[in-house]
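For reference, the chains in residue letters:
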Amino acid sequence: MSAPSEVMYGNWHHPRSALLGTLSTGMTIIGLVATLLFIVIAPFSLLAGLVVLGLGGVAIAMTYRAEGNRSMLEGVMMRLAWWKAKAKGQTGMVGGLLGEKANGAAKLPGAGGAIRLWDCQTATGLEFVLVEHQRVGSYSLVFEAAPEGNDLVDPHVINTRVNVWAGFLTDLGYEPGLQGASVVIETVPDTGERLRNNIEPKLADDAPEVALATMHDVMRAYPDGAAVANAYITLTYGAGKHDTAGIAAELASRVPQIMGVLNGSGAAGVRPVTASRLARVVRQAYDPQAARVFAEADAMGERVDIDWNEVGVVGAKTQWDCYIHEGARSITWEMKSAPRGVVNSSVLHHLLAPNHATSRKRVTLLYTPMSADSASRTVEKDVTDAKQRYLGARKPTERDRQSLDKAHQAAAEEARGAGLIDFGLVVTVTDQWDSDTSGAEATVETMAASSKIRLRKCWGHQDAAFLVGLPLGVVPNRYSWMPAAMRDAF
Amino acid sequence: MWGKKKQVSTYQQRVAQRKKQAERERKAAQRARWKNVPPVLGWPNRWGGAMANLVDVPRWRGTTFQVCGLWPFSAGTGAPLQGVPVGQTVDGSTVCCDPITWFETARLISNPSEFVLGNPGLGKSTFIRRQCLGLAAFGTLPLVFGDTKPDYVDLIEALGGQVISLGTGRDFLNPLDVGNVGEVAARIDPKAGKNLINEARSRRLQMLLALIQIVRGRQGKVSDREEALLAAALDVWDEAEPGHTPLVSDIVRVIDSHPDACDQMVLTRGDIEAYRAIADKVSASLLALGSRRWGGLFGEHTTTPMRLDRPVVFDVSDLDRQSEDVMGAVLLTCWSYGFAQVNIAQALQDAGLARPQHYFIVMDELWRILSAGVGMVDRINELTRLNRQRGVGQAMCTHTLNDLEALPSEEDRRKARGFVARSGLVVTGGLADDEAEALSKVLPLSGKERATITAWTNPESWNAGEGLENLAPPGQGKFLIKVGQRPGIPLTVRLTEAELMLNDTNKRWANSRVGRHARGSN
């Protein structure tokens, strides 16, 4: 019944520029420069010229980037940066009262320290938070929603929801000043605490014995509460020439529109996050024990407000392969390769669903939309590049031909109104610092396999990847010293 | 430049100085503002936590029409954990559901009522029993108005409640009993008291109309003149004997005595023959209630008034051998009386004369009342009306919507479907294909939900080796909770030790398979 009407999705590729055959633009330039230098130096000293050619060859080899992996040059640079940081003692973090620069506050470590929250209101009185990233000059909006899931939902309803989501992604290309967007799905399996917190305060003292006995039996026999899945959607805008007040005024009018576009995309109850709620979410991410305290306070009906100065860590340590913060250990993976071929819309279901083997899991989809005008240019360039590869290579492979077909399909869709978007995925799993991680790691590998993606641990940048995975709107490519055009060339 | 110095006036000097000072201040303010902001990757001092690398993740590019396929919302969040825990979903997480908590605390439904459907034998009353137990633990009183099997008597007894067993040789319930309204009205403020008394009068009238309609069966609608006559007769009684509850026979006597008020209402203008023509029809219907067929159930004063401080069940299982319409009339009487008492209790609570109390009203076997006579839907609506929703949860129970479809007139059928549509939440057990189809016209059910519900009616298998009585049907204890447009929540009821001890093994899933119901009319 559902098979004929199943819609399949695919046709994403790793963006690579091509100038000469299989060489990227950057590599071609290096090759040209090396050749020129050889031509200039060779008449004087053949040996020096050959050395220059050799160096050029090594440079090309080191900048070669296989699909999804980092080039050797990047790997070397990251390792050097890591060793330098370790030597300087920067991998550990002490905040709070003992922190040198912290002034007693426990702010977010590293790049998160420059984040400020502003409480804002739309014209209709809806409160929302504006996350300011001071050093990079961008501001983020954060929305919260409850994913509806696809259990017992008819396929045509799911298709409609996915189409609405496509509309949202397309609209991102038209947002003025948008630098990036992200969707964070955080799942916490329940240990029965929530059930107990919901029932015990309501038991009446004068209730009959049988009733109280039954409820106590239930609390004992139904240990698993219900896993919670929260979705957060962030949009990050560049500040341009505005100051904070100007940006807030501008974004305040965007908030209801964005909520309207997200309505019906499978996220129910979209509402903007307030500053205290965002602080609470970030605090729970860095300190999972705090979640229990908050849950108990909620059951009592008390309101707990967290100040942004208390939201971060008092003690943390980054290691090459994991991140230890406040008594918990997190491991972050990034998506090395997207699903090959075609998939249906519930391909990420196993990755996103709550899992009892991991205590807290966060899956973040990062989107960098292209503005509508550069999208058409890029699509045409992709077609040209694919043609170059196919026609310019000596032995054209079937894969090159297929990528030419896909480039044509993408161009056709773009002409029909689609936007072009770059996406990435980050998975963070948090556990107790002294727990055995092999179970969690194996679970994540299995989940990734069933979602047809390949993951790789974020070696050397666990703390940064952890920060990127939070719903704070950190757009990682704004933090690098290389401008975007140069990065794309390799 | 090498020549004479330009002549600058002191005014210009001062302006230039001020400009320089403003510039210095601006720069100092900027430095101060950025002093405490860490550089891009964090504070670079030892133990400062600066990030070594902040690199981008590997990016993949696609058009939005394709990238939307990596849909992030395919894994849903579980049901809210508010209310009485009733069971578990497929993956073991707990489902909590009860109309009062979902209305008052969780605000998931628009009114605190639920409608429970499901084929017999699949554990509807077990579900409601669990809700009664849970709500009793929260301090709510479960009130069961009309237990035919009986399913709830054991439970209410264990909760220390009041069991009123109706039947010949046992307790009686006067259909015209609306509680001690006059007494209560005197204690509360005059306006509320007046409202209370008016409501009680209208309730009495509705009850009389309902009884007449049931007695007359298919033939009988009550005409407007007859309705006016009955209203006048009740008023005459109230004036003659204020504070006393009339019996049906008393009303017949009042009508027969041809009072002026009645005469005016029927517009017979003193003509005795015309009056008798109308009044006799009404009296005949009312007198029939005293005949042997109706077992003398409606002719006595209430022997045991219902208490409002403990759980209550009206046990009508002894009357199970009676015919359909008698049973329907008895159940309707119980409902009316029960709601009248709850109304009084709410009036007292609103006036501050009684402590606030929540009630959970269970109305089982809706179809018996509907099939007892014509136009019962309106009567039910009138008699189950309450002044305020807050503090009272209702659960109405029936087998399938086909019971409601079996009503004779299309208008009745449409109104009966309104019961389901207006309920805050609907709980379905296993239903057959056509029944699920009928339900999906009233409730937005997806194809998958319908398939799930019909799968629960799969018959049990023959198992030659084991004793057959130990086999439970596969769909037993499985329900789907449906609220409005949201996707349904499938659950399996799991009983605890305390509950299993409460029922003995024979009656564990006592619904309609075993027990006294064997000789019943279902």
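Treat the numbers as computed from the prediction; the structure is a model and nothing was measured. (Residues numbered from 1 in each chain as written. Chains lettered and ligands numbered in written order. Predicted model: local features only at pLDDT ≥ 70, side-chain atom pairs only at ≥ 80, totals over all residues. Heavy atoms only, no water.)

## Points about the sheet that holds strand 12 (residues 489-493) of chain B
Residues and elements named next belong to chain B. Pairing is mixed across the open sheet formed by eleven strands, whose spatial order is 3-2-12-11-10-4-9-8-5-7-6. Only two strands of the sheet have a single partner each, and these edge strands are strand 3 (94-96) and strand 6 (162-165). Strand-to-strand twist across the sheet, computed as the mean angle between neighbouring axes with direction ignored, equals 25°. The strands touched by helix 4 (residues 124-137) are strand 2 (85-88), strand 4 (113-117), strand 5 (141-147), strand 8 (359-363), strand 9 (392-398), strand 10 (425-428), strand 11 (478-482) and strand 12; relative to strand 8, the strand with the most contacts, the crossing angle is about 165°. The strands touched by helix 12 (residues 324-350) within the sheet are strand 5, strand 7 (312-315), strand 8 and strand 9, with strand 5 carrying the most contacts at an inclination of about 155°. (Pairing = 2+ DSSP bridges. Helix = DSSP H or I, 4+ residues; strand = E, 2+ residues; numbered from the N terminus. Axes fitted to C-alpha atoms, helices over the stretch in contact; angles between N-to-C directions. Contact = heavy atoms within 4.5 Å.)

## A short note on the confidence of the model for chain B
In low-pLDDT regions, the fine details of the predicted coordinates are not to be read closely. All names here are of chain B. Residues of chain B with pLDDT of at least 70 account for 92%, and the chain-wide mean is 83. Here helix 19 (residues 497-502) stands out as the element of chain B with the lowest mean pLDDT, 75, in contrast to helix 2 (residues 64-67), whose mean of 93 is the highest. Predicted complex metrics record ipTM = 0.88 and pTM = 0.81. (pLDDT = per-residue confidence, 0-100.)

## Let's talk about the pairing of strand 12 (residues 420-432) of chain A
Residue and element names in this part refer to chain A. Among the 13 residues of strand 12, twelve are classified as buried, and the element is accordingly described as predominantly covered. Here strand 11 (residues 360-369) runs beside strand 12; their pairing, made up of ten bridges, is antiparallel. Following the sheet pairing, L366 is matched in strand 12 by G424. (Buried < 20%, exposed > 50% of the residue type's maximum accessible area, 1.4 Å probe, protein only.)

## As for the packing of aromatic side chains
Residues and elements named next belong to chain A. All told, the structure shown has twelve aromatic pairs over all chains when counted by the stated rule. With a centroid separation of 5.7 Å and an interplanar angle of 80°, the aromatic rings of W12 and F423 are classed as edge-to-face. Taken together, the residues W12 in the segment before helix 1 (25-41) and F423 in strand 12 connect sequence positions 411 residues apart. As far as burial versus exposure is concerned, W12 and F423 are alike and both buried. (Phe/Tyr/Trp six-rings, centres within 6.5 Å; stacked < 30°, edge-to-face > 60°.)

## Quick look at the nonpolar core
F145, I255, L286, F314 and L370 of chain B are the most contacted members of the largest nonpolar core, which totals 87 residues. No other element matches the twelve residues that helix 12 of chain B contributes to this core. The next biggest cluster of nonpolar side chains, apart from the first, holds 69 residues, and it includes Y139, L235, A338 and L351 of chain A. (Core = buried A, V, L, I, M, F, W, Y, C linked by side-chain atoms within 4.5 Å.)

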